[in-house]
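If you want the building blocks of each chain, they are given just below.
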Amino acid sequence: MKNMKMSSASASNGVMVGGAMMTPDKDIVDNAVNSTEHTTLVGAVKAAGLVETLKGAGPFTVFAPTNAAFSKLPAGTAEALMMPENKQKLTTILTYHVVPGRLLASDLKDGQTLTTVEGETLMVHRSGDTVMLHDAKGGMANVTIPNVVSKNGVTHVIDTVLMPTK
């Protein structure tokens, strides 16, 4: 696991994610579209109609599952969620990955409960520099790249899609 400590200098200059430099002068969406590791997430955000929301003023904290995280879902799940008739379910899942405010990894404390934009909660588990999120269905995601700062918030790359109860 990558060391999660970052100096303020590196956070202000950008972070490499999916082969692209994520910079604080871009919004969350404009940074994410450049990551080769987040093409499924970007497609899902577009399918759910959340692009303009996530380009908004925020600030937002986004827990961004990688393509590999989506591939852990049962076969066909990601594709089915992208269908127009499943837009509401997709929106529910995606907004479960967003927390209002700008939370850096250093702000995330062991045992902390985060209320998502979707309305349900995530539980933070922390062991040293390792940050994990426990979802409403008992799943666990690891933060693999923390503190991807954007002009309207911060993104933490995660290795598992978080699932709300709804």
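Look a little higher up for the structure.
These remarks concern the structure in this document. Note that residues are indexed from 1 along each chain, following the sequence as it is written. With pLDDT at 70 or above as the cut-off, local features in this predicted model cover only qualifying residues; side-chain atom pairs require 80 or more to be listed or tallied, and sums for whole chains, interfaces and linings still use all residues. The side-chain numbers reported here are obtained from all heavy atoms of the structure, hydrogens and water having been left aside.

Focus: the side chain of Thr61
Part 1 of the argument: A run of H or I in DSSP counts as a helix once it spans at least four residues, and a run of E counts as a strand once it spans at least two, with each numbered from the N terminus. Counting through the fold element by element, Thr61 comes out in strand E3 (residues 60-65).
Part 2 of the argument: Between N or O atoms, a polar contact is any pair within 3.5 Å; within protein, one atom must be a potential hydrogen donor and the other a potential acceptor, and residues adjacent in sequence are included only when both atoms are from side chains. A polar atom in the side chain of Thr61 sits 2.7 Å from the backbone oxygen of Gly101.
Part 3 of the argument: We call two residues contacting when some pair of their heavy atoms lies within 4.5 Å. Setting aside anything within four residues of it in sequence, one finds Thr61 in contact with His97, Val98, Val99, Gly101, Arg102, Leu103, Val154 and His156.

Remarks on the pattern of salt bridges
Part 1 of the argument: By definition here, a salt bridge exists when the distance from a side-chain nitrogen of Lys or Arg to a carboxyl oxygen of Asp or Glu is within 4 Å. Taken as a whole and judged by the stated rule, the model has three salt bridges.
Part 2 of the argument: Across the pair Asp30 and Lys55 runs a salt bridge whose closest N-O atoms are separated by 2.7 Å. With Asp30 in helix H2 (residues 28-32) and Lys55 in the loop between helix H4 (51-54) and E3, this residue pair connects regions lying 25 residues apart in the sequence.
Part 3 of the argument: Note on exposure labels: buried denotes an accessible area under 20% of the residue type's maximum, exposed denotes more than 50%, and partly exposed covers the range between, all computed with a 1.4 Å probe on protein chains only. Since its relative accessible area comes to 32%, Asp30 is described here as partly exposed.
Part 4 of the argument: Given the relative accessible area of 29%, Lys55 is considered partly exposed.
Part 5 of the argument: Ionic pairing is found between Lys166 and Glu118, a salt bridge with its closest N-O pair at 3.4 Å. Of this pair, Lys166 sits in the segment after strand E9 (153-158) while Glu118 sits in the loop between strand E5 (113-115) and strand E6 (121-127), and the two are 48 residues apart along the sequence.

Describing the pairing of E6
Part 1 of the argument: Bridge count for E5 against E6 is three bridges, and the pairing is antiparallel. Bridge pairing links Leu114 to Leu122 in E6.
Part 2 of the argument: Any two strands with at least two DSSP-identified bridges between them are counted as paired. Between E5 and E6, which pair antiparallel and follow one another directly, the connecting turn spans five residues, one of which, Gly119, has a positive phi of 115°.
Part 3 of the argument: Hairpin connection between E6 and strand E7 (residues 130-134): a loop of two residues separates the two successive antiparallel strands, and Gly128 in this loop has a positive phi of roughly 60°.

What to know about the environment of Leu50
Part 1 of the argument: Tracing the sequence through the fold places Leu50 in the loop between helix H3 (39-48) and H4.
Part 2 of the argument: Judged by relative accessible area, which is 11%, Leu50 ranks as buried.
Part 3 of the argument: The spatial distance from the C-alpha of Leu50 to the C-alpha of Val29 is 9.6 Å, given a sequence separation of 21 residues.
Part 4 of the argument: Aside from chain neighbours lying at most four places away, what touches Leu50 is Val45, Thr91, Leu94 and Thr95.

So, helix H7 (residues 87-95)
Three or four residues apart is the spacing at which side chains of an α-helix point the same way, because the helix has 3.6 residues per turn.
Part 1 of the argument: Three or more residues of H7 are buried, namely Leu90, Thr91, Thr92, Ile93, Leu94 and Thr95.
Part 2 of the argument: Elements in contact with the buried residues of H7: H3, helix H6 (77-81) and strand E4 (98-100).

Let's talk about the environment of Asn147
Part 1 of the argument: As for its position among the elements, Asn147 is in strand E8 (residues 140-150).
Part 2 of the argument: For Asn147, a relative accessible area of 9% translates into the label buried.
Part 3 of the argument: A sequence separation of 45 residues divides Asn147 from Arg102, and the C-alpha atoms of the two residues are 9.7 Å apart.

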